[in-house]
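Given next are the chains, with one letter for each unit.
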Number of protein chains: 2
Amino acid sequence: MQIAVLLYDRFTALDAIGPYETLSRLDGAETVFVAERPGPVRTDNGAAVLVAGKGLDEVTRPDIVIVPGGPHPEIEMKNPAVLDWLRAVDATTTWTTSVCTGSLLLAAAGLLDGRRATSHWLYLDHLAPFGAEPTGERVVFDGKYVTAAGVSSGLDMGLGLLGRIAGDQYAQTVQLMCEYDPQPPYDAGSPAKAPAEIVARLRAVNPLTERDAS
Amino acid sequence: MQIAVLLYDRFTALDAIGPYETLSRLDGAETVFVAERPGPVRTDNGAAVLVAGKGLDEVTRPDIVIVPGGPHPEIEMKNPAVLDWLRAVDATTTWTTSVCTGSLLLAAAGLLDGRRATSHWLYLDHLAPFGAEPTGERVVFDGKYVTAAGVSSGLDMGLGLLGRIAGDQYAQTVQLMCEYDPQPPYDAGSPAKAPAEIVARLRAVNPLTERDAS
């Protein structure tokens, strides 16, 4: 089984590493990091750099595709090389997945038309124009399409998917090895839970909202 | 403020990326990935590769040090280049931190003597020979030393530390941007919660236990 993690300039590191850390523990899985061109790819803040071992043309039949998000999805949403690749590999994947605004790339490729899907809470409204039905759930399974909410949600998605592929006990084993027993020191991880003034401030600076308003 | 994330061969990706994803959002922070030699560094399963932008000799006065773990801590625990660097930078850090078996590197460098500390649950017993007092807590603050349990616990550590440095509201803002509202599909993330047979099986294959028994 081949798992392909898509990288592109200014992706968010945890979006990719969260599901990677769980799914790559599948017995017999080969995980490849793939980008338009092989080589180093910078994350959103430029500090972390991951290496894409392969170019898009070298990964043609992955079983699982993981598409991370980033704060500027509008760039890759107009990149024909990435959208064409997503459409091409989706024809034979077992699972096509995304974290955060990665779902907007899947949507822009036409893959979420008529599907329930999620995204980072700030970008959820951008799914509907592509025919997707946005939901506020953290992880959404619709057929072979699995979308997860913002950044850290890829951990929950990875474990959920692992359970469907390899069984509950396998997923629990990986959860225990990753000691995923979350104890966040605050309870501000969703717009429904965070202080209202923080939610409002973040909504005011969302780049896609700004662009739409201009 | 400079944040240095130590990389070394066969580190675990999420150990490094979890706290990076939250702490690197500090206003004015410069985050550097540092290794014995600059360049690509492979993770534990070889699939993910992160780039160390700087060598140890180029990072001499970081404010925060983050030491990730990996499944073979015994290798770096005997690496004088890494241990000497940890001791040298610790002299001027504001916070010296670790995730997972990263605490065993801090312990081997002599930095946790007389301190309360944690580690991956499978490796907790290896702290005491270095004078540290192991606790089963997920994140342990003892003075400027902050140690976190296995792999995913670095997310909780990062947010907790962010709160201490920049205030609760700042940390909550980052938590909301990362949408860290965990909903693991299983409740098997600690040895107290996971099915007993899974705990026993993992204890039986723990490489450090094997080594000790041989």
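Here, the structure is the one placed above.
Residues numbered from 1 in each chain as written. Chains lettered and ligands numbered in written order. Predicted model: local features only at pLDDT ≥ 70, side-chain atom pairs only at ≥ 80, totals over all residues. Heavy atoms only, no water.

1. Brief notes about the interface of chain A and chain B
Step number 1: With 62 residues of chain A at the interface, the matching set in chain B holds 62 residues.
Step number 2: Across the chain A/chain B interface, buried area totals approximately 5,400 Å², and carbon plus sulfur atoms make up 60% of it.
Step number 3: Taken as a group, A:Leu176, A:Glu179 and A:Tyr186 account for 15% of the area that chain A buries against chain B, more than any other trio of residues on that side.
Step number 4: Two residues, A:Asp44 and B:Arg25, come together in a salt bridge whose shortest N-O distance is 3.2 Å.
Step number 5: Where chain A touches chain B, the interface holds 46 residue pairs in polar contact (both at pLDDT 80 or more).
Step number 6: Contributing elements (two or more residues each) for the side of chain A that touches chain B: α1 (13-23), β2 (30-35), β4 (49-52), α5 (153-166), α6 (168-177) and α7 (196-205) of chain A. (Contact = heavy atoms within 4.5 Å. Buried area = accessible area lost by both parts, 1.4 Å probe. Salt bridge = Lys/Arg side-chain N within 4 Å of Asp/Glu carboxyl O. Polar contact = N/O pair within 3.5 Å; in protein donor to acceptor, adjacent residues only side chain to side chain. Helix = DSSP H or I, 4+ residues; strand = E, 2+ residues; numbered from the N terminus.)

2. Side note on the nonpolar core
Step number 1: A:Leu7, A:Trp85, A:Leu86, B:Leu7, B:Trp85 and B:Leu86 are the most contacted members of the largest nonpolar core, which has 146 residues in total.
Step number 2: Those residues in contact with A:Leu7 that lie beyond four places of it in its chain are A:Ala16, A:Phe33, A:Val34, A:Ala35, A:Val41, A:Leu50, A:Val51 and A:Ala52. (Core = buried A, V, L, I, M, F, W, Y, C linked by side-chain atoms within 4.5 Å. Buried < 20%, exposed > 50% of the residue type's maximum accessible area, 1.4 Å probe, protein only.)

3. Here we look at the pattern of salt bridges
Residue and element names in this part refer to chain B.
Step number 1: This model, assessed by the stated rule, comprises 18 salt bridges over all chains.
Step number 2: One salt bridge connects Asp 90 with Lys 144, and the closest N-O pair in it is separated by 3.5 Å. Here Asp 90 is found in helix α3 (residues 80-90), whereas its partner Lys 144 is found in the loop between β10 (139-142) and β11 (145-148), with 54 residues between them in sequence.
Step number 3: Since its relative accessible area comes to 8%, Asp 90 is described here as buried.

4. Here's the deal with the relation of the copies chain A and chain B
Step number 1: Superposing chain A onto chain B takes a rotation of 180° combined with a translation of 0.0 Å along the rotation axis, leaving an RMSD of 0.0 Å. What the superposition gives is, in effect, a two-fold axis relating one chain to the other. Within chain A, the C-alpha atom positioned nearest to the axis of rotation is that of A:Leu50, 2.3 Å from it.
Step number 2: When the interface residues of chain A are mapped onto chain B, 100% of them are again interface residues, pointing to one common binding face. (Least-squares fit on C-alpha atoms with pLDDT ≥ 70 in both.)

5. Regarding the packing of aromatic side chains
Step number 1: Tallying each qualifying case throughout the model produces 4 aromatic pairs over all chains.
Step number 2: Each ring, one from B:Tyr20 and one from B:Phe33, has its centre 5.4 Å from the other, and the planes form 55°; the classification is tilted. With B:Tyr20 in helix α1 (residues 13-23) and B:Phe33 in strand β2 (residues 30-35), this pair connects stretches of sequence that are 13 residues apart.
Step number 3: A relative accessible area of 1% means that B:Tyr20 is categorised as buried.
Step number 4: Ring geometry for B:Trp95 and B:Phe141: centres 6.0 Å apart, planes at 90°, overall edge-to-face. Placement of the pair is B:Trp95 in strand β7 (residues 95-99) and B:Phe141 in strand β10, with a sequence separation of 46 residues.
Step number 5: Classification of B:Trp95 as buried rests on a relative accessible area of 14%.
Step number 6: Of note, A:Arg164 hangs over the ring of A:Phe141, and the distance from its end group to the ring centre comes to 3.6 Å. (Phe/Tyr/Trp six-rings, centres within 6.5 Å; stacked < 30°, edge-to-face > 60°. Lys NZ or Arg CZ within 6 Å of the ring centre and 35° of its normal.)

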